[in-house]
Each structure stands twice: as structure tokens, then as C-alpha cells.
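Structural overview
The residues making up each chain are set out below.
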Amino acid sequence: MSGLRMPDPEARVMARRTEIAAVLRTILPSESVVTAAESLRVYESDGLTAYKQLPMIVALPETTGQVAQILKYCHAQGIKIVPRGAGTGLSGGALPLADAITLGLAKFNRILDIDIENRTVTAQPGVTNLAITNAVEDAGFYYAPDPSSQIACTIGGNVAENSGGVHCLKYGVTTNNLLGLELVTMDGEVLRIGGKYLDSGSYDLLGLITGSEGLLGVITEVTVRILTKPATARAILLGFNSNESAGECVGRIIASGIIPGGMEMMDKPAIHAAEDFAKAGYPLDVEALLIVELDGPEVEVDELIERVISVAKNTGAVYERISQSEAERLKFWAGRKSAFPAIGRLSPDYYCMDGTIPRKALPRVLGRMRELSEHYGLGVANVFHAGDGNLHPLIMYDANIPGNLEKAESFGSDILKLCVEVGGVLTGEHGVGLEKRDLMPVMFSDDDLKQQQRVKCAFDPDSLLNPGKVFPQLHRCAELGRLHIHRGEVRFPDLPRF
């Protein structure tokens, strides 16, 4: 026995990677299979840069057929897959695994169909959010969901995370503007769900896929609705001497029956950072700022502006400014949309949270966040979609200081627990991913999580798609009782019939 040598584990891994890469190169051009360490580093994290991991291999397909072949091969060989769009996600949803293929969809970057008559656009998943609006704006249309990262984030990623944006209060998040999908399942089957029509009489599989974070299939085509540009749109800046007063104003505007096109809030640190970065014309002597946009016919907008200003004054507004031109309106929004990168000028690192609360809880939650900031000794800037209660606190820390990241994580965890405590949820649009995975039991019971996993099992019984995300504990599908997918319909054989 002394003359025998045990195989080197690292050598086995390298041999396995070489074998997989060779098969992938029979499906894709050689340059679309990335194995060099320096090239893999580009994909080591998504927008949650606190966590990094080199993928085993990166595959860059550009056709649905190639995606189907790759998934079919991986399904047969038990190889894990992590789908990735532009990598702008903020919950670690696209974080690679050392033993998984990262499936990059950046080459799916074409708009396939613009149907003005039916008010739809069909695009590949790698098309950026803003590119859809750019493609139809000359005809007087736009795509409503507008995340702050819209210049870079892709429509496929928007579907995976059910992304929102500053105008989601009135026009909805991705799921409210989505009509159809093409999806490749883990065994390589290509499904078409929905289309250009408004709705389907069968199960809402479109709603099931939206926000599924890459756990159920790989999206290869998206059909969205486009809207006509409103005749008039004007924005108002409203300044307050306290976050609580601004939060109270948000609730009263909605309670008065006004649904603004967008309603965003920033606290003092965020105001100063955004103004310094974008020169948007924000007041610097207020503690909180609301941006309220009204749109529609001019006469309606004029009346709504008066009503909003009246509500604001009754809740303590000390500053008001109404946009007088389209350029000025866009400038107001440019400051808000640059708030995240602007905070990067104040702190070496920041941790962007994403929880949603009832609007009436805004004053309480903002007050408690201030207390938590003092407790942890870390600054926090608040930027969020005030109208629908979607908070985006930016916790400032320095990863070079030992223990600082851990403090930021604990601070963020306390914020999300607070959101659930006041009747809210763990995420509004960033997804669960890796970041909130271990907090899922705060919101869901064990039975809830098992039922969610049954859906995962119906699509991916071997848990090869984006494993390690969303669920804090994975159960074997055989133990859960499985849902079954058959020709686009869901059957529940293990559930009692009534």
C-alpha cells in the first residue's frame, strides 16, 4: 500500500473542469467558454461586492438552442448552474459557486420585435432596461419600471428579481408590465409562457417565474408592455425639518386619493451626497426631501400640484420647488438616481438594504434606524421609494477595518427584522439571494418554506439551478412531496382534493 498514491483532490477538480469545458466548447465557440482565472474574476460577484467567489467556468451562449443544450448536459451530469445577467443585483443572487457553471446572458442583447399597434416589445434577456425605452421613445412610448441601475441592468434580471423603480408606485413593478416569457428548464425543455395578450385562463406561471431569482429556469426572451408618454409630467421638491414629518406627508398624500407617478424620499446624508454628485438643485438645510412627480393632462397636473403642496404644508414642509421645464424635472430625478454611487464618495464601502413596510410605519422605522445607527457606530443614508414603502438604507462601513463588515451585516439584519415586525417584508425588489437567505424564517414558517421548495422541486428536482440561494435549508424533494410540471400546467398529486 505504501507505493500507492491517493488522487490529489485539486487535480481531480482541475480534470473535471477541463472535461466540462471541453464539452461546452462543442456547444459554444471556444472564446465563449471562460476558464482563465484572470477572466473569471470579472464574474466573481454581483452588486453585493462584500461576497466574492470565482466560478468554475463561465459559459456565454447567444441562442436559446445553446442554452437548452448546456442545461440538458448539466442536468444529465449533475452540474450546477448559476444564471447571470449584467451582475447589477444587490442580494448576491448571481454570486458564483466554485463547483458551478456561471451562465452569462450578456450576448442575448437584441430587441426582437417592436409592436406599437399592440404596445409591446419583445427582447432578449441581455437588453438593458433603458434600451427598451430608447427604442420606442420616438414613437411616444416608454417602458415604465425604471430601477436606478436602468442604464446597465437587463430586462432578464429585472424579471428574475421583479425589479421596481422610482415610478413603480403608479405604474407597477416588473410583474405588472410583463406579458410573456421564453424559459429553458433545467432538463433543456423550452417553454413559452404568456405572449402579447393580456392574460391567460390557466395557472399564473408567468407570475411564478417573475421574481424566482434564477431558481426555476433560464429566461431567454421577454415580452413587456409599453405605455404612452403622459401629456405632462412635473416634479416637486419638498423639504422637511425631520424624517418623521416627511414620512407623515407620504401617508397623507396617498390617503388623500392622489397617486403620484413617483414619490421618493432622501434623508440629509443622502441629500448632501446626491447634490454634491449631481448638482440637482436640492436644498441642503433640510433633514428630509421628498420628490413627488405628477403626470397626466396639464389641467389635472396643475390641480394635483396644488393639493400636494397643501398636504405638505400641513405636515410641516419648509421648502418647495416645482420643476419649470422637462430638463429641470429630469435633473431632480438625476440626483435621486445617482444617490447610490454618490454615497460611494462618503464611505469606502456601503451595504444597500431592501425592505418594504406599510407607509404608516415610516416615521417609526426611520426613528428606529437612527437609534440602530448610533448603536452600531455606523452611518446610514436613507434613499427609498416612499410611495410604496420600499426602503433602501445605505449602511456606510470600511471593509479594511476588522469587524466593520460584520457590524454592517448585523445592522442590516436588524433593519430587515424591523420591517417584518411592523408588518412589512424582507425585500421589495432586490430579491432574497444569499443576503437575506438566513432571515427567511423571520418571515416564513417552516411549512411556508417547504411549500415554496415544492415549487422549486417541480422545476428543478436535483437543485442544480442557483443552489444555496433563497432557502436557508434545502430538503430533499422526495421528502417534501412534489409538484409536477406537465405541458405548462401544474399538478398537485400529493395534496388532498376538496
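Everything discussed here concerns the structure shown above.
This write-up is about the structure you can find in this document. Just so it is clear, the model here is predicted, and its values are computed rather than measured.

Turning next to the side chain of aspartate 295. With respect to the helices, strands and loops of the structure, aspartate 295 is situated in strand β14 (residues 288–296). Classification of aspartate 295 by relative accessible area gives buried; the value is 4%. Side-chain polar atoms of aspartate 295 contact the side chain of lysine 170, separated by 2.6 Å. A polar contact is formed between the side chain of aspartate 295 and the side chain of tyrosine 171, at a distance of 2.8 Å. In this structure aspartate 295 touches Lys170, Tyr171, Pro230, Thr232, Ala233, Gly261 and Val301, once residues within four positions along its chain are discounted.

The next point concerns the environment of glycine 316. Mapped onto the elements, glycine 316 comes out in the loop between α10 (298–314) and β15 (317–322). The class for glycine 316 is partly exposed, based on a relative accessible area of 35%. Along the primary structure glycine 316 and serine 410 are separated by 94 residues, whereas in three dimensions their C-alpha atoms are 34 Å apart. Sequence-distant contacts of glycine 316, defined by excluding residues within four places in its chain, comprise Gly239 and Phe240.

Next up on the list: the sheet that holds strand β13 (residues 262–267). Taken together, 7 strands build an open sheet; the order of strands is β15-β12-β14-β13-β18-β20-β16 and the sheet is antiparallel. Of all strands in the sheet, those bounded by a partner on one side alone are β15 and β16 (349–352). In this sheet, neighbouring strand axes are inclined to one another by 20 degrees on average, regardless of whether the strands run parallel or antiparallel. Pairing of strand β18 (residues 380–384) with strand β20 (residues 393–397) involves 3 bridges; the strand directions are antiparallel. Within the sheet, the bridge partner assigned to asparagine 382 lies in β20 and is proline 393. Strands β12 (232–240), β13 and β14 of the sheet are contacted by helix α8 (residues 243–255), whose axis makes an angle of about 170 degrees with β13. In the packing of helix α11 (residues 326–337) onto the sheet, the strands contacted are β12, β13, β14, β15 and β18, and the crossing angle to β12 comes to about 50 degrees.

Considering all chains together, one arrives at 2 aromatic pairs under this definition. With a centroid separation of 6.4 Å and 85 degrees between ring planes, the pair formed by tyrosine 142 and tyrosine 171 is classed as edge-to-face. Separated by 29 residues along the polypeptide, tyrosine 142 in strand β7 (residues 141–142) and tyrosine 171 in helix α6 (residues 168–171) bring together distant segments of the chain. Given a relative accessible area of 15%, tyrosine 142 falls into the buried group. Arranged with centres 5.4 Å apart and planes meeting at 15 degrees, the rings of tyrosine 376 and phenylalanine 411 form a pair that is stacked. With tyrosine 376 in helix α13 (residues 362–376) and phenylalanine 411 in helix α14 (residues 404–421), this pair connects stretches of sequence that are 35 residues apart. Per residue, the accessibility class of tyrosine 376 equals that of phenylalanine 411, and both read buried.

Below, the discussion takes up the state of the cysteines. Within this structure, the stated rule accounts for 1 disulfide. Residue pairing for cysteine 457: its cysteine sulfur links by disulfide to cysteine 477, the two sulfurs lying 2.1 Å apart. Between cysteine 457 and cysteine 477, the S-S dihedral sits near -90 degrees, and the bridge is therefore left-handed. Of this pair, cysteine 457 sits in helix α16 (residues 446–459) while cysteine 477 sits in helix α17 (residues 477–480), placing them 20 residues apart in sequence. Taking relative accessible area as the criterion, cysteine 457 reaches 3% and is therefore assigned buried. For cysteine 477, a relative accessible area of 9% gives the class buried. Counting only cysteine sulfurs, cysteine 168 is the nearest neighbor of cysteine 249, a cysteine outside any disulfide, at a range of 18 Å. On the accessibility criterion, cysteine 249 (0% relative accessible area) is buried.

Attention now moves to unusual backbone geometry. Phi is positive for glutamate 213, which is not a glycine, with a value near 60 degrees. Inspection of the secondary structure puts glutamate 213 in the loop between α7 (205–209) and β10 (218–225). For glutamate 213, a relative accessible area of 9% translates into the label buried.

What follows covers the nonpolar core. Phe240, Leu290, Leu294 and Ile395 are the most contacted members of the largest nonpolar core, which has 59 residues in total. By size, the runner-up hydrophobic cluster in this structure holds 26 residues, among which are Met56, Ile81, Met186 and Val218.

With respect to topology, 5 strands assemble into an open sheet ordered β5-β6-β10-β8-β9, the strand pairing being antiparallel. The two strands at the open ends of the sheet, each matched to only one other strand, are β5 (111–115) and β9 (190–194). Put simply, the sheet's adjacent strands are angled 10 degrees from each other on average, direction ignored. Looking at chain direction, strand β8 (residues 178–184) and β10 are connected through 6 bridges and run antiparallel. Along β10, the bridge assignment pairs glutamate 182 with glutamate 221. Contacting β5, β6 (120–123) and β10, helix α4 (residues 129–136) crosses the sheet at an angle of about 45 degrees to β5.

How each quantity is defined
Every residue gets a number counted from 1 within its own chain, in the order that chain's sequence is written. Predicted model: local features are reported for residues with pLDDT of at least 70 only, side-chain atom pairs are reported and counted for 80 or more only, and whole-chain, interface and lining totals are derived from all residues. Only hydrogens and water are set aside when side-chain values are computed; all heavy atoms of the structure are taken into account. Helix numbering and strand numbering both begin at the N terminus, where a helix is a DSSP run of H or I of at least 4 residues and a strand a DSSP run of E of at least 2. A 1.4 Å probe rolled over the protein chains alone gives each residue an accessible area, and that area as a share of the maximum for its type sets the label: buried under 20%, exposed over 50%, partly exposed in between. Contacts described as polar in this section are N or O atom pairs within 3.5 Å, which, within protein, must combine one atom able to donate a hydrogen with one able to accept it, while residues neighboring in sequence count only if both atoms come from side chains. Contacts: residue pairs with any heavy atoms within 4.5 Å of one another. The criterion for strand pairing is that DSSP finds at least two bridges linking the strands in question. Axis angles are defined between N-to-C directions and span 0 to 180 degrees, where every axis is a line fitted to C-alpha atoms and, for a helix, only to the segment in contact. Only Phe, Tyr and Trp rings take part, Trp by its six-membered ring, and two of them pair if their centres are within 6.5 Å. Stacked means planes under 30 degrees apart, edge-to-face means over 60, and tilted covers everything else. Pairs of cysteine sulfur atoms within 2.5 Å are what we label disulfides. To qualify as a nonpolar core, a set must consist of buried Ala, Val, Leu, Ile, Met, Phe, Trp, Tyr and Cys residues joined through side-chain atoms within 4.5 Å.

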